[in-house]
Each structure stands twice: as C-alpha cells, then as structure tokens.
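# Understanding the architecture of this molecule
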Amino acid sequence: MYIKRIIDQYLEEWTKRADHKPILLRGARQVGKSSSVRHLGRLFQNFVEINFEKNEIYKQVFEADLDAHRIVNQLSAVSGKKIIAGKTLLFLDEVQECPRAIMSLRFFKEDLPELHVIAAGSLLEFALRELPTFGVGRIHSLFMRPLSFDEFESAYGFDTLLKARNEASALHPLPEALYQTLLEHLRTYIMIGGMPEVVVKWIETQNYALCQEVQDDIIVSYESDFPKYKHKVDSELLRHVLHSAALQCGKKFVYSKVGEYKTYAVKQALNLLFQAGILIPITHTSANGLPLGSEADENKRKVIFLDCGLLLRTLNMAMGDISAITVQILTANASDLANKGAIAEQVVGTELLAYKTPNLRHEIFYWTKEAKNSLAEVDYVDTFAQKVLPIEVKANVQGGMKSLWAMMREKSLMWIKETTMKNGM
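The following paragraphs examine the structure supplied in this document. (Residues numbered from 1 in each chain as written. Predicted model: local features only at pLDDT ≥ 70, side-chain atom pairs only at ≥ 80, totals over all residues. Heavy atoms only, no water.)

Below, the discussion takes up the sheet that holds strand β3 (residues 88–93). Backbone hydrogen bonds hold the strands of a sheet together, and the pairing may be parallel or antiparallel. The strand order β2-β3-β4-β1-β5 describes an open sheet built from 5 strands, whose pairing is parallel. The sheet terminates laterally at β2 (46–51) and β5 (140–143), the two strands that pair on one side only. Each strand of the sheet is rotated relative to its neighbour by a mean of 20°, with strand direction disregarded. Pairing between β2 and β3: 6 bridges, direction parallel. Across the sheet, Val-48 pairs through a bridge with Leu-90, a residue of β3. The sheet contacts of helix α2 (residues 33–40) involve β1 (23–26), β2, β3 and β4 (116–120), and relative to β3 the element is tilted by about 170°. Contacts from helix α5 (residues 99–111) reach β1, β3 and β4 within the one sheet, and its direction differs from that of β4 by about 165°. (Pairing = 2+ DSSP bridges. Helix = DSSP H or I, 4+ residues; strand = E, 2+ residues; numbered from the N terminus. Axes fitted to C-alpha atoms, helices over the stretch in contact; angles between N-to-C directions. Contact = heavy atoms within 4.5 Å.)

Okay, structure coming up:
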C-alpha cells in the first residue's frame, strides 16, 4: 500500500513547472523516498528507474563524459525502456553508489531541461562531501523525514478526525470524545513512529510486537551502514554514541557518558550520525533576534532521534528492558503520559520539523540561562510571524512555566501574551 505523504504535493507541483530542475531527494534510509518517487511516476507516460545498487552496469554509462544526451540514450538502451523528455520520469535511485551520476544532474538541467529527473539515495550527505563540484543553482534539493503524526493519522484512515482537530480553537474546543481518541492515537504513534514500513505493518496487523521486529531490523540496517560512512571512525564507537544518544535524549549531550573514548572522537561520531540523518541536533541559541542560527553555540547541543519509535527500540537495546515505559505510554492518563519528558520532547521536536518546507535542511534550537543556584531552560525556540517563539514542553499539568516566562521577560517577548489573550486562550 502507498501512504500519502506531505512531500507528494511538492513533487507534483514540480512536475508542472516549465523551468523545473533535477531533484536530489535527501533523507535517512527507509523514510520512503523511493516509494514517493514511484508514486509520482504514475503521472508520466513512462517511468524509468535506474538502481545503482542493484545493477552496477549502469555505473559504466557515467564513466565517460557527462553529456546528458549520450547518458539518456545509453540508459534507454541498457534498460530497454524509452526515455522521452516531457513524457518520462527518470529516477536514479541509490545514487550515492555512483558519484558521477550526481555530478551529471547539472548537465541534465543545461542540456535536457525538458526531462524530469529525480535522484535519491541513502548516505547522500557523505557522497556530496566527496564530490569535487556540485551543481549549485542547477539542482533542487528536497529533504524527506519519517511520517508525521498527521501523516500517520491519514494513513490510518482518520482524515475526518484531523479536520475536526484543525477546526477546533480555544473558544470552540475539540469534544472530549474526539480528544480522547486523538490521545489514544498519539500513544500508538509514539510506539509505532513514522517509518513507513513499520506504519504499514501496524495497519495490516495491529500488532506491536511485529512492528518492533521491523524497527529492530531498521536499526540493525543503520548500524550495518556505519562502515560506509567514508570516514575512519570505529563502527563500535558509532553504536555506543547512538545508544548513548537514546539515553541522553532531550538533555544536553555529555560526551563523557559515551564511555572510554576521547571527546573529539565522540564528537566526530556524533556529527556523522547527524549527517546520516539518524540523529537530530538541537543547538543552543541566545535568541536575541533572527536568524536564530546567528547566535547558535554548537558546543551546547541536545539530541533527538529521527523517529520516536526508533528511539524506544534503541532505548530497549541500550537498557535491556523498557517495559515500564511502554506500559505507561499505552495505559497512563494524559498527564502521566506527558511525564515521560524526554519522549514528549522527542515527539515535539520531530513534529516541529515535519511541517516545515522540505526545500531546506532546517535547524532547531533551544535556550538556557545559567545563573547562580538556578537554571532556566526552554525546550525549543522557533520563529513565528518573523519573531522569536519559545516553546516549552511541560512535564506535567501543574506549574507556572518559570523558564518560559523568564525567557519572555529577558527577550521582550510579551507580544506572545498579548496575542494569546486576544485569541481568548
């Protein structure tokens, strides 16, 4: 089954542009890149998929010059399929296995601008770093992530429930019964996550154990990729860093907690996992104005996973047993569910990224203020209406959100309070 994705609308809009550029579809392994391109292929008279990992003979086509006309003619001959500009979608999959194919994309734009070309692959970031040149201005990158909660709900068949939620407001809240239904679905989403293969398994079986088997397979496949990172980093160190990141999720990452490794080695391994898209950095910012990244401090970083379901499975591998956490997620009331602070922050972080435009690799930030005998920390800092927007993920239903108010006072963000009051919230 195909799961409708947010990125579909961006890809479909691209097909209608007269001045379209070749697309480089980027993202971690198994987030659904190939499935989305194949689904898009239904809009074309011809769809030609070239997989460099399955059939290495295609690499030979790119060993000579990078003339787009010659490449297309030879790909057509080898594949036995017609490639016609304006009627064919040419899909270069696992393109990281053929760096010269990545380099050729710029020439498709220059020599065959009418042909629709999409290249995708895993570990692309490492391949791009090795290239002597990259088609800046001639290639359009799109970044893909696991399913968001809304995509999960849609795949599950609850578009009507999402519509009711989106129409609700502080003055006209969602009815209690619908709220409880959404909460139950959120519990499931936290367990299942948004990896497409896991979501399909859940829809087909409604069996958590079978879904966890798929999640375990994905994690093992990620670890099997470690030797392909093209850097001299010990694969065992990468595993230790990955498991430590699960244990430190939502907290400032402490290199010394990884084990008996030098700090620079741990930092290098962590950055490689960022590049692979498995981990996501949350960087400290002073948040005195926009852009937030102008005052970012990469020496102060928190870490979350690309997917909440994979976080839980990695936690299970690191701790040996997380059954108590699982029971609480599935059975506790709403306030207790929120008490799993790190997991709540994980979900909020990936949701913040999920609905941003896929045209950029977006960063996310947090803010802290350290004073004598006190620490104020706001979990996320984003932007809204060209202003700084602090976001605090509450650990329970009580408390005055002191850190949030401290930041609002210090940064003169009282417009948030005024806007909230005007909206009746």
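Once that is clear, we can look at the packing of aromatic side chains. Following the criterion strictly, the structure yields 10 aromatic pairs and no others. Ring plane angle 70° and centroid distance 5.3 Å describe the contact between Tyr-156 and Phe-158, whose orientation is recorded as edge-to-face. Residues Phe-226 and Tyr-229 carry aromatic rings whose centres are separated by 5.5 Å and whose planes lie at 70° to one another, so their mutual orientation is edge-to-face. With a relative accessible area of 1%, Tyr-229 lands in the buried category. What links up through ring pairs into an aromatic cluster is the set Phe-149, Phe-152, Tyr-156, Phe-158 and Tyr-189. (Phe/Tyr/Trp six-rings, centres within 6.5 Å; stacked < 30°, edge-to-face > 60°. Buried < 20%, exposed > 50% of the residue type's maximum accessible area, 1.4 Å probe, protein only.)

With that out of the way, let us pick up empty space enclosed by the protein. Summed over all chains, the structure comprises 6 cavities of 30 Å³ or more. One number sums up the size of the largest cavity: a volume of about 200 Å³. Together, 15 residues line the largest cavity, and Phe-143, Met-144, Arg-145, Ala-354 and Pro-358 are the ones closest to its centre. For the lining of the largest cavity, the class distribution of residues is 9 nonpolar, 2 polar and 4 charged. Volume-wise, the second largest cavity comes out at about 80 Å³. (1 Å grid on protein atoms, 1.4 Å probe; cavity = no way out; pocket = protein on both sides within 12 Å on 5 of 7 lines; lining within 4 Å. Points joined across faces, edges and corners; volume = space filled by probe spheres on them. Nonpolar A, V, L, I, M, F, W, Y, C, P; charged D, E, K, R; others polar.)

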